[in-house]
Amino acid sequence: MPKNKGKGGKNKKRGKNEGVDGEEKRELLFKEDGQEYAQVVRMLGNGRCEATCIDGVKRMCHIRGKMHKKVWISAGDLVLVGLRDYQDDKADIILKYYAEEARLLKAYGELPDTIKLSEGIDDDADDGLEDLIEFEDEDIDRI
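Conventions and cut-offs
- Residues numbered from 1 in each chain as written.
- Predicted model: local features only at pLDDT ≥ 70, side-chain atom pairs only at ≥ 80, totals over all residues.
- Heavy atoms only, no water.
- Helix = DSSP H or I, 4+ residues; strand = E, 2+ residues; numbered from the N terminus.
- Patch = residues over 30% accessible without salt bridge, like charges linked within 9 Å, V, L, I, M, F, W, Y side chains within 5 Å.
- Areas by Shrake-Rupley, 256 points an atom, 1.4 Å probe, with all protein chains shown as cover.
- Salt bridge = Lys/Arg side-chain N within 4 Å of Asp/Glu carboxyl O.
- Buried < 20%, exposed > 50% of the residue type's maximum accessible area, 1.4 Å probe, protein only.
- Arc of directions from axis to C-beta.
- Contact = heavy atoms within 4.5 Å.

1. With respect to unusual backbone geometry
Next, step 1: Despite not being glycine, Asn-46 has its phi angle at roughly 60°, a positive value.
Next, step 2: With respect to the element layout, Asn-46 can be found in the loop between β1 (35-45) and β2 (48-53).
Next, step 3: For Lys-69, which is not a glycine, the phi torsion comes out positive at approximately 65°.
Next, step 4: As for its position among the elements, Lys-69 is in the loop between β3 (58-63) and β4 (78-83).

Take a look at the structure:
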């Protein structure tokens, strides 16, 4: 059997190093005509998701092919969507904003204050969970 030289396949895809945590520095893109900021509510599968746009409309969004299986989108992410002229209830996801970019957009006043950005899980939040459940010695002996 020939030895794998690593010319292609998943080994080549894994070999890319793109800065810290896969994020590379890029220019911050603002919305233009026919585009809107949106926050993903839930993932639906098959490259689709449900997102609430800044204008208050809930839209079914489609992840464009360039981003499909390369940029992972989850609930709570801030995205830039392209609105469709012929379907108001559907849109296409153009760009996913990283957490730092979303904070900058909010600081520039592009996003309203009502938008809650997902900051990730804090380590302090886990410490509080340990105090919620208390076991007595009698309960443990019964088990």
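Next comes the rest of the account.
2. Focus on a nonpolar patch on the surface
Next, step 1: On the surface, Phe-30, Leu-104 and Tyr-108 cluster together into a nonpolar patch covering about 300 Å² of accessible area.
Next, step 2: Checked against the element boundaries, Tyr-108 lands in the loop between α2 (99-107) and α3 (123-129).

3. So, α2
Since the α-helix turns once every 3.6 residues, residues separated by three or four places project in the same direction.
Next, step 1: The complete set of buried residues in α2 reads Glu-101, Ala-102 and Leu-105. The arc that holds the buried residues of α2, viewed along the axis, is 100°, so those residues lie on one side.
Next, step 2: Along its buried surface, α2 packs onto β1, β4 and β5 (90-97).
Next, step 3: Gly-109 lies just past α2 and shows a positive phi near 85°.

4. Notes on the pattern of salt bridges
Next, step 1: Counted under the stated rule, the structure contains nine salt bridges.
Next, step 2: For Arg-59, the salt bridge is made with Asp-55, and the minimal N-O distance between the two is 3.4 Å.
Next, step 3: Relative accessible area serves as the criterion here: at 3%, Arg-59 is assigned to the buried category.
Next, step 4: Given a relative accessible area of 41%, Asp-55 falls into the partly exposed group.

5. Observations concerning the side chain of Glu-50
Next, step 1: Mapped onto the elements of the fold, Glu-50 is located in strand β2.
Next, step 2: Of the residues examined, Glu-50 reaches a relative accessible area of 15% and is grouped as buried.
Next, step 3: Contacts of Glu-50, omitting those with residues within four sequence positions, involve Val-40, Val-41, Arg-42, Leu-44, Lys-58 and Arg-59.

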